[in-house]
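Residues per chain, in single letters:
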Protein chains: 2
Amino acid sequence: MTATAATTARDRMLLAKEAARSVGRLTDAEKRDALLAIADAIEAATPAIVEANAEDLERGRATGLSVALQDRLRLDDPRVGALATAVREVAALPDPVGRVLDERVLPNGVALTKVSVPFGVVGSIYEARPNVTVDIAALALRSGNAVVLRGGTAAELTNAALVDVMRDALADRGIDPEAIQTVDSFGREGARELMHARGIVDVLVPRGSAQLIEAVVTESSVPVIETGAGVVHIVLDASAPLEWARDIVVNAKVQRPSVCNAVETVLVHRDAAERLVSPVVAALQEQGVTVHGDDRVSALAEGVVPATDDDWATEYLSLDLSMRVVDDLDDALAHIRRYSTHHTESIITQDDASAERFLAEVDSAVVMANASTRFTDGAEFGFGAEVGISTQKLHARGPMGLAELTSTKWIARGAGQVRE
Amino acid sequence: MTATAATTARDRMLLAKEAARSVGRLTDAEKRDALLAIADAIEAATPAIVEANAEDLERGRATGLSVALQDRLRLDDPRVGALATAVREVAALPDPVGRVLDERVLPNGVALTKVSVPFGVVGSIYEARPNVTVDIAALALRSGNAVVLRGGTAAELTNAALVDVMRDALADRGIDPEAIQTVDSFGREGARELMHARGIVDVLVPRGSAQLIEAVVTESSVPVIETGAGVVHIVLDASAPLEWARDIVVNAKVQRPSVCNAVETVLVHRDAAERLVSPVVAALQEQGVTVHGDDRVSALAEGVVPATDDDWATEYLSLDLSMRVVDDLDDALAHIRRYSTHHTESIITQDDASAERFLAEVDSAVVMANASTRFTDGAEFGFGAEVGISTQKLHARGPMGLAELTSTKWIARGAGQVRE
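- The name that an unreviewed UniProt entry assigns to chain A is Gamma-glutamyl phosphate reductase, with the source organism given as Microbacterium immunditiarum.
- Chain A has a UniProt comment under Pathway (unreviewed entry) that states "Amino-acid biosynthesis; L-proline biosynthesis; L-glutamate 5-semialdehyde from L-glutamate: step 2/2."

Structural notes on the domain arrangement of chain A
- Domain parsing of chain A yields domain 1 (9–227 + 400–412) and domain 2 (232–375).
- Here domain 1 of chain A and domain 2 of chain A have C-alpha centroids that lie 36 Å from each other.

A closer look at the UniProt feature "domain: Aldehyde dehydrogenase" (unreviewed entry) in chain A
- With numbering aligned to this structure, UniProt lists the feature "domain: Aldehyde dehydrogenase" (unreviewed entry) at residues 8–287 of chain A.
- Here residues 8–287 of chain A is 54% helix and 16% strand, with 51 Å between the C-alpha atoms at its ends.

Section: the relation of the copies chain B and chain A
- Relative to chain A, chain B is turned by 180 degrees and slid 0.0 Å along the rotation axis, the superposed coordinates differing by an RMSD of 0.0 Å. Accordingly, the operation relating the two chain copies is best matched by a two-fold axis. Identified as the residue of chain B closest to the rotation axis by C-alpha distance is His-395 of chain B, at 1.8 Å.
- Comparing contact sets, 100% of the residues at the interface of chain B also lie at the interface in chain A, consistent with an isologous, same-surface contact.

Quick word on the sheet that holds strand S10 (residues 305–306) of chain B
- Spatially, 10 strands are ordered S1(A)-S2(A)-S16(A)-S13(B)-S12(B)-S7(B)-S8(B)-S11(B)-S9(B)-S10(B) in an open sheet, and the strand pairing comes out mixed. The open sheet has two free edges, formed respectively by strand S1 (100–105) of chain A together with S10 of chain B, since each of these has just one partner strand.
- Bridging between strand S2 (residues 111–118) of chain A and strand S16 (residues 406–417) of chain A involves eight bridges; their strand directions are antiparallel. Looking across to S16 of chain A, one finds that Leu-112 of chain A is bridged to Ala-412 of chain A.
- Along the sheet, helix H11 (residues 270–286) of chain B makes contact with strand S7 (232–236), strand S8 (263–269), strand S9 (290–293) and strand S11 (320–326) of chain B, crossing S11 of chain B at roughly 165 degrees.

Digging into the interface of chain B and chain A
- In this complex, chain B contributes 67 residues to the contact, which on the side of chain A involves 68 residues.
- For the chain B and chain A pair, buried surface summed over both sides reaches about 5800 Å², with 51% attributable to carbon and sulfur atoms.
- Interface area lost by chain B to chain A is led by Leu-394, Trp-410 and Arg-419 of chain B, which between them contribute 15%.
- For the pair chain B and chain A, the number of links is 12 salt bridges.

Regarding empty space enclosed by the protein
- Tallied over the full model, the rule gives three cavities of 30 Å³ or more.
- The volume enclosed by the largest cavity comes to roughly 250 Å³.
- For the largest cavity, the lining is made up of 18 residues, of which Val-222, Pro-223 and Val-224 of chain A together with Pro-223 and Val-224 of chain B are closest to its centre.
- Residues belonging to the lining of the largest cavity are distributed by class as follows: 10 nonpolar, six polar and two charged.

Here's the deal with the pattern of salt bridges
- A full pass over the atoms with the stated rule returns 58 salt bridges over all chains.
- Note that Asp-377 of chain A is salt-bridged to Arg-419 of chain B, the shortest N-O span being 3.9 Å. Highlighted residues: Asp-377 of chain A in the loop between strand S13 (366–371) and strand S14 (388–390) and Arg-419 of chain B in the segment after strand S16 (406–417), drawn from two different chains. Here Asp-377 of chain A matches Arg-419 of chain B in class, with each residue buried.
- For Arg-357 of chain B, the salt bridge is made with Asp-330 of chain B, and the minimal N-O distance between the two is 2.5 Å. Of the two residues, Arg-357 of chain B is situated in helix H15 (residues 352–361) and Asp-330 of chain B in helix H14 (residues 329–339); the sequence distance between them amounts to 27 residues.
- Given the relative accessible area of 43%, Asp-330 of chain B is considered partly exposed.
- Through salt bridges with shared partners, one network takes in Arg-25 of chain A together with Asp-330, Arg-357 and Glu-361 of chain B.

So, the packing of helix H2 (residues 28–44) of chain B against helix H6 (residues 130–142) of chain B
Residue and element names in this part refer to chain B.
- Running from N to C, H2 and H6 point in directions that differ by 160 degrees, and their axes come no closer than 9 Å. Taken together, H2 and H6 sit at an angle that is classed as roughly antiparallel. You can see that H2 and H6 cross each other, and the crossing is right-handed. Taken together, the residues of H6 that come into contact with H2 (itself represented by Asp-28, Lys-31, Arg-32, Leu-35, Ile-38 and Ile-42) are Val-134, Ala-138, Leu-141 and Arg-142.
- Its residues placed into classes, the contact of H2 with H6 shows six nonpolar, no polar and four charged.

Brief notes about the side chain of His-233 of chain B
All names here are of chain B.
- With respect to the secondary-structure elements, His-233 resides in strand S7.
- Among the residues examined, His-233 registers a relative accessible area of 0% and is labelled buried.
- Side-chain polar atoms of His-233 contact the side chain of Glu-345, separated by 2.9 Å.
- When near neighbours in sequence (up to four residues on either side) are disregarded, His-233 contacts Val-263, Thr-265, Leu-267, His-335, Ile-336, Tyr-339, Ser-340, Thr-344, Glu-345, Ser-346 and Thr-373.

Rules behind the numbers
- Residues numbered from 1 in each chain as written.
- Chains lettered and ligands numbered in written order.
- Predicted model: local features only at pLDDT ≥ 70, side-chain atom pairs only at ≥ 80, totals over all residues.
- Heavy atoms only, no water.
- UniProt positions renumbered as here; feature names shortened; annotations may be inferred.
- Domains from an automatic or database assignment.
- Helix = DSSP H or I, 4+ residues; strand = E, 2+ residues; numbered from the N terminus.
- Least-squares fit on C-alpha atoms with pLDDT ≥ 70 in both.
- Contact = heavy atoms within 4.5 Å.
- Pairing = 2+ DSSP bridges.
- Axes fitted to C-alpha atoms, helices over the stretch in contact; angles between N-to-C directions.
- Buried area = accessible area lost by both parts, 1.4 Å probe.
- Salt bridge = Lys/Arg side-chain N within 4 Å of Asp/Glu carboxyl O.
- 1 Å grid on protein atoms, 1.4 Å probe; cavity = no way out; pocket = protein on both sides within 12 Å on 5 of 7 lines; lining within 4 Å.
- Points joined across faces, edges and corners; volume = space filled by probe spheres on them.
- Nonpolar A, V, L, I, M, F, W, Y, C, P; charged D, E, K, R; others polar.
- Buried < 20%, exposed > 50% of the residue type's maximum accessible area, 1.4 Å probe, protein only.
- Parallel < 35°, antiparallel > 145°, perpendicular 65-115°, else oblique.
- Left-handed = near helix turned anticlockwise from the far one by under 90°.
- Polar contact = N/O pair within 3.5 Å; in protein donor to acceptor, adjacent residues only side chain to side chain.

Right, dumping it as structure tokens:
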């Protein structure tokens, strides 16, 4: 374990800030090599990591952690290998630092260049997923940032083991290991200090449940990038072809129901309801989906559970889906305005005017025509890695890649110019 | 006056959110015409605006408003004319909405386009400057946003008159006047509601004193773009030519001392101190500047006031300047790390290595070599207008133009694709 003199969460964050200066100046090759060293070190430390994880799991079972959360928490040899692979993938991405984003020469000859620079210190607050510990650290380092991590208590020993391995790997490469910090051992107070470390931590990325994200957004005075919650809609327009409607809705719900880009609500145009509701509901039910429908849906299909008002606002993250018949596109747009979390919405239609109106008017990070909402994803978009999916409008919106972990700086080069 | 049914600050903000939908879809020409109509209406309403302003001024004198603030608040015919001119300048800028920022076609044929879109509702909290009322409204509308304004109580009648004129001008052009709202009449509660209108107001831009900005940053749950405070440094390196050093320091301090890009602290390399301190101090004093110096500065120049530790952290915004002799560039960089507000810093040097190190290592919105810090300005940078100067790293850093009042949206066009 790399020794550290820090005795408070604030001390640790100050060490990260200090380390950010040298990490921010590493070359592309140095950052890549550091990540490859981390990946190797994680693989080499597999037994120790799995052992720490076993202790967390034992405590989890003793304290009644749900089976689903136990599965999220669990690391075995292949899963540790997958962590290392993910780090190598981030290492292979292009350096997001030092890109020239704008250049101009003022009439007086002062030359201006706007370049991408690291934020400095990236903070993350997340829940029982040890893979986030490694993912966020790798993404932060690749973009020249130091990182302060606050994982869930359930994964404390696992996270501590992973952080130790990563810090040691940095130290071995001559890089300041203080660039990776965890405040897990400070409990809730550590999380609170992280959310109030304005001036030390430059940006905070919460990862986890809607409640966690809401709590961080409300409490934090550090600027937050809000990620995640997705009450995602698909509209089946009057002209929606049955095959597209059925395949896209089933794919968007069933392919991975527990993620934020899975569809939660399907709105069916009245003129297509008789043609589409029954076969789409049947196809969903065949895949084990429970459809919560309004009266008009219930009248057209078997086995539909009556939807309540709460259903329209619910991110199920499960094999449940709400379905409503709407009078027209206006009605669909009004429903989306009321209930959407501004993540992703898609319309299935053969009418170009409807498609273009939907794409223009829906105010979400990603708006689609005739495609599955499951495509809202950094890897699918070709970013190579994903920091999260931003549902806010400031700084980053939609899938965030490495570039979204950088800020900018204007550099001005003159020869004695003064302002008239 | 345009009638409105809103009886609470929240009602007004909801009307703005509703209006944002139609304003966000206006064409370039429609937005330009709306701003030209506003400019004409402001000019036509000069007598009413000046009269309302006279009432504010009278109240200000009665309640002991300082002469400087009275001057900021005062609108006469030429100043109202200047407001209209500023609106016409914003009208003439290119539309920041609808720019294609990224395009990619996924291997499965889904076509992705990332376009700039309006934020929706822009909020601003500011102090006794009626020009901000018009500036922010014009910038918000030009970028397709609705706006919610909260000006200082001192300018309440003036701001109300300006808002009425602008709303009427929109209504005359068939544009929803609810796109411009003020919550001034709701007092402090209005400001508080604005800061907590997350989900209604998309971004909040405070304009004014460091205290105001700090209060908004701390209180607001709406995402904030922090602007302004500038403890700005100039470093005179060992090789700094006397003429550049003197001209740039004097320009950066004296040309307009009350603004955020004016220099506050000069750090002189030890090896240049004997050569530079005396003439630079003399040139500043000739312009009426009081120099607050450390012992080494005091030993080299006449009439220097001893600097205290507080001086290094002070944004004077006046004809005061602090000066310190530093041992080397490391010492200067450490001082800047400790006291800078990350706005603008400049080095005067003939040594390329010193310049490049300074430009790389100083973590500020704008870093300069051999130029006056007064160039950190939207108009000087060629943006045509300025929303403010961001000193944060999220979303926008440095001078913000119209583009910084937009967010983005990914548009995906498919033909039935689902995720494998």
